[in-house]
Amino acid sequence: MAVSFSITVLGSGTSVGVPTIGCHCAVCSSSDPRDQRLRPSIYIRYGGHGILIDTTPDFRQQALRAKIERIDAILFTHSHADHIMGLDDVRPFNFRQGGEIPIFGSQETLENIQRCFRYIFDPRYAESAVPRLTVHTFNSAPIQLFGLEFTPVRLCHGKGTVHGFRFGPAAYLTDHSDIPEESMEQLGGLDVLFLDALRYKPHPTHSTVERSLQSVEKLAPRRAFFTHICHDLAHARTEEALPPNVRLAYDGLEITVGEAAQ
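Model, not experiment: these values are computed from the prediction.

A.B. asks: Is there a simple way to think about the overall build of the protein in this case?
C.D. replies: When helices and strands are counted, the protein shows eight helices and 14 strands. For 262 residues, the compact-globule formula gives about 18 Å, and the C-alpha radius of gyration of the protein, at 18 Å, lands near that figure. Counting all 262 residues of the protein, 55% fall into the buried class. A sequence separation of at least 24 residues applies to 62% of the contacts in the protein between residues at least 6 apart. Accessible surface, the protein: about 12,000 Å² in total, of which carbon and sulfur atoms supply 50%.

In structure tokens form, the structure reads like this:
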């Protein structure tokens, strides 16, 4: 039986966010709330459960704004600072839920997280209030979480490797410069596809608007949303030039997938 779910965009910005510190460009000074972008993350709700993808430095603010009340698992795309540094802020969910939260990532990602947050995983700090987590390494095999299957999708992030996730008829691919052919084969028949689209100008580790439009044309999802957006792209003006089925994600955007989808 297909699982219907909602996706909330917690953050749609690049690693430094928008507005960017010290910048007074048109987008950083914009009064359009869609041009205010926290670091990139989404939250998935279904069947009374909540799955978080990445814990950004803005996670506390994001969780309060989205009224997140539980986290049943956290999936990590990679271990760059803008995707992990809010991990300590999951502690209130441990308090509320009374148990450990499973986290999932590649071996490299989890090793880096355990090094950055040594105090969480070192038993010598057990008597202080630290996040209570269980660590699970994934490879290419699907991850079964409360009736919904999350499949890691390998992506190229410059010379590095990161992972997106396909879950049901949706996929979330942030922080990538290229999608390998074998990963493209995992992404057919999508209702919703999130793609990195940093800006128009080429970047060594991120996709551009033009390149992501090419991916949309090849994969033909019903709906596509660009994310990890820098201050080069004004929301309203950029959307005017996009095809009708392609929109820019924005902080607070909620999408329904499945039986109740519009």
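A.B. asks: Could you clarify how one ought to interpret the sheet that holds strand S9 (residues 160–167) in this entry?
C.D. replies: Sheet strands pair via backbone hydrogen bonds, and the direction of the pair is either parallel or antiparallel. Sheet architecture is open: seven strands sit in the order S7-S8-S9-S10-S11-S12-S13, paired in mixed fashion. Lying at the two open borders of the sheet, with one neighbouring strand each, are strand S7 (143–145) and strand S13 (246–248). Going across the sheet, the axis of each strand differs from the next one's by a mean of 25°, ignoring polarity. Pairing of strand S8 (residues 148–157) with S9, which is carried by eight bridges, proceeds in the antiparallel orientation. Opposite Thr-151, over in S9, you have Arg-166 as the bridge partner.

A.B. asks: Would you explain the nonpolar core in this entry?
C.D. replies: Within soluble globular proteins, side chains that are nonpolar tend to cluster in buried spots. Counting 27 residues, the largest nonpolar core has Ile-44, Phe-150 and Phe-167 as the members making the most contacts within it. Filtering out sequence-adjacent residues up to four positions away, Phe-167 remains in contact with Phe-5, Ile-7, Ile-42, Ile-44, Ile-53, Leu-148, Glu-149, Phe-150 and Tyr-172. Val-162, Val-216, Leu-219 and Leu-242 belong to the second-largest nonpolar core, a separate cluster that totals 22 residues.

A.B. asks: Mind showing me how you'd approach the state of the cysteines here?
C.D. replies: Two cysteines joined by a covalent bond between their sulfur atoms form a disulfide. For the structure shown, the criterion picks out zero disulfides. A disulfide-free cysteine, Cys-23 has its sulfur positioned 3.6 Å from the sulfur of Cys-25, the nearest such atom. Cysteine Cys-28 shares no disulfide, and the gap to the nearest cysteine sulfur, in Cys-25, comes to 3.7 Å. Its relative accessible area of 10% is what places Cys-28 among the buried residues.

A.B. asks: Honestly, helix H7 (residues 209–219) in this entry has me stumped. Any pointers?
C.D. replies: For the α-helix, the turn length of 3.6 residues means that residues three or four positions removed from each other point alike. Within H7 the residues assigned to the buried category are Val-209, Ser-212, Ser-215, Val-216 and Leu-219. Buried residues of H7 fall within an arc of 120° about the axis and therefore sit on the same side. Among the exposed residues of H7, those pointing more than 90 degrees away from its buried face are Glu-210, Glu-217 and Lys-218. Those residues of H7 that are buried are in contact with helix H6 (181–184), strand S11 (192–196), strand S12 (223–227) and S13.

About the thresholds
- Position numbers for residues count from 1 along each chain, tracking the sequence in the order it is written.
- Local features in this predicted model are restricted to residues of pLDDT 70 or higher, and side-chain atom pairs are both shown and tallied only at a pLDDT of 80 or more, whereas totals for entire chains, interfaces and linings draw on every residue.
- Neither water nor hydrogens contribute to the side-chain values; these are computed over all heavy atoms in the structure.
- Under the DSSP-based scheme used, a helix requires at least four consecutive residues in state H or I and a strand at least two consecutive residues in state E, with every element numbered from the N terminus.
- Taken over C-alpha atoms, the radius of gyration is set against a globule rule of 2.2 Å times the number of residues to the power 0.38.
- Only protein chains enter the accessibility calculation, which uses a 1.4 Å probe. A residue is then buried if its area is under 20% of the maximum for its type, exposed if over 50%, and partly exposed in between.
- Note on contacts: a residue pair is in contact if any heavy atoms of the two residues lie within 4.5 Å.
- Areas reported as accessible are Shrake-Rupley estimates using a 1.4 Å probe. Residue values count occlusion only from the protein chains shown.
- The criterion for strand pairing is that DSSP finds at least two bridges linking the strands in question.
- Convention adopted: a line fitted to C-alpha atoms gives each axis, helices being fitted over their contacting stretch, and angles between N-to-C directions are expressed from 0 to 180 degrees.
- We define the nonpolar core as a collection of buried residues of types Ala, Val, Leu, Ile, Met, Phe, Trp, Tyr and Cys that are connected through side-chain atoms lying within 4.5 Å of one another.
- Disulfides are defined in this document as cysteine sulfur pairs within 2.5 Å.
- This arc corresponds to the set of directions leading from the helix axis out to the C-beta atoms.

Keep in mind these values describe shape, not function.
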